[in-house]
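The primary structure of each chain is shown beneath.
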Amino acid sequence: LKKLSQEIKAELLVFISPILYDIDTEAIHPFYNTYGLDFSCATINPRERLNKIAKKLDIELIDPTDFLKERFDSLIEENNFKPFFFTADDNHITSTASVHLSDYLFYKIFKPYKK
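Presented here is a report on the structure given in the accompanying data block. (Residues numbered from 1 in each chain as written. Predicted model: local features only at pLDDT ≥ 70, side-chain atom pairs only at ≥ 80, totals over all residues. Heavy atoms only, no water.)

Concerning the overall build of the protein
Across its full length, the protein carries five helices and two strands. What you see in the protein, going N to C, is helices and strands ordered as α-β-α-α-β-α-α. Considering only C-alpha atoms, the protein reaches an extent of 50 × 35 × 20 Å along its principal axes. Taken across its 115 residues, the protein has 23% of its residues classed as buried. For the protein, the share of sequence-separated contacts (at least 6 apart) that also reach a separation of at least 24 residues comes to 65%. A total accessible area of about 8300 Å² is found for the protein, and carbon and sulfur atoms account for 56% of it. (Helix = DSSP H or I, 4+ residues; strand = E, 2+ residues; numbered from the N terminus. Buried < 20%, exposed > 50% of the residue type's maximum accessible area, 1.4 Å probe, protein only. Contact = heavy atoms within 4.5 Å. Areas by Shrake-Rupley, 256 points an atom, 1.4 Å probe, with all protein chains shown as cover.)

Printed below as a string of structure tokens:
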């Protein structure tokens, strides 16, 4: 992909789509971890691995995890919970999360994102 993007003079961006467990670390969503997944056996941190690969290949990695988590946490602090993921679904975001994600992606892709 890197070679192809260079051939056509296009920027290659790799987007990491956060999952429920990245954003909701307090198990607030209804039916959180419906399937009882156990991540304790993991031997690598996938986000770190992707970052290393992206650096090595000089590919920009777009990771909105921290941004979405901040938005989610601020809603919780305001006692205004809105689900960011569909019920019993670990990786499909709702329209609430989509709005925040689209803001992040716009600024990340078209302007330098600044906190």
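Details of the packing of helix α4 (residues 65–77) against helix α5 (residues 95–110)
Orientation of α4 relative to α5, taken along the N-to-C sense of each, is 135 degrees, at an axis distance of 10 Å. In terms of orientation, α4 and α5 fall into the oblique class. In the packing of α4 onto α5, the handedness of the crossing is right-handed. Across from Phe67, Leu68 and Arg71 in α4, the residues of α5 making contact are Ala97, His100, Leu101 and Tyr104. Taken together, the residues that form the contact of α4 with α5 break down as five nonpolar, one polar and one charged. (Axes fitted to C-alpha atoms, helices over the stretch in contact; angles between N-to-C directions. Parallel < 35°, antiparallel > 145°, perpendicular 65-115°, else oblique. Left-handed = near helix turned anticlockwise from the far one by under 90°. Nonpolar A, V, L, I, M, F, W, Y, C, P; charged D, E, K, R; others polar.)

A look at the layout of surface pockets
What the largest pocket holds in volume is close to 260 Å³. If you trace the largest pocket, you find it lined by Ile16, Ile19, Tyr21, Asp22, Phe39, Ala42, Ile44, Asn45, Pro46, Arg47 and Leu50. Residue assignment for the lining of the largest pocket shows that the elements contributing at least two residues are α2 (20–23) and α3 (46–57). Of the residues forming the lining of the largest pocket, the biggest block, three residues, is contributed by α3. Residues of the lining of the largest pocket, tallied by class, amount to eight nonpolar, one polar and two charged. (1 Å grid on protein atoms, 1.4 Å probe; cavity = no way out; pocket = protein on both sides within 12 Å on 5 of 7 lines; lining within 4 Å. Points joined across faces, edges and corners; volume = space filled by probe spheres on them.)

Examining the environment of glutamate 11
Residue placement: glutamate 11 occurs in the loop between α1 (2–7) and β1 (13–15). Taking the C-alpha atoms as reference, glutamate 11 lies 8.5 Å from isoleucine 59; in sequence the two are 48 residues apart.

Some thoughts on the pattern of salt bridges
Applying the stated criterion to the full structure yields four salt bridges. What emerges from the salt-bridge pattern is a single network uniting Asp22, Arg47 and Asp63. (Salt bridge = Lys/Arg side-chain N within 4 Å of Asp/Glu carboxyl O.)

Concerning the nonpolar core
Core analysis: the largest hydrophobic core is formed by 10 residues, namely Leu20, Tyr21, Ile23, Leu68, Phe72, Leu75, Phe84, Phe85, Ala97 and Leu101. Of all elements in the fold, only α2, α4 and α5 reach the threshold of two or more residues within this core. Not counting chain neighbours up to four residues away, the residues in contact with leucine 68 comprise Pro18, Ile23, Phe84, Ala97, His100 and Leu101. In terms of nonpolar packing, the next biggest core, distinct from the first, is built from five residues, Leu12, Ile16, Ala54 and Leu61 among them. (Core = buried A, V, L, I, M, F, W, Y, C linked by side-chain atoms within 4.5 Å.)

A closer look at α4
With 13 residues, α4 extends 18 Å between its outermost C-alpha atoms, agreeing within 8% with the 18 Å of an ideal straight helix rising 1.5 Å per residue. Buried residues of α4: Thr65, Phe67, Leu68, Phe72 and Leu75, and no others. Against α2, α3 and α5 lie the buried residues of α4. At the C-terminal side of α4, asparagine 79 shows a positive phi close to 55 degrees. (Expected span 1.5 Å × (residues − 1).)

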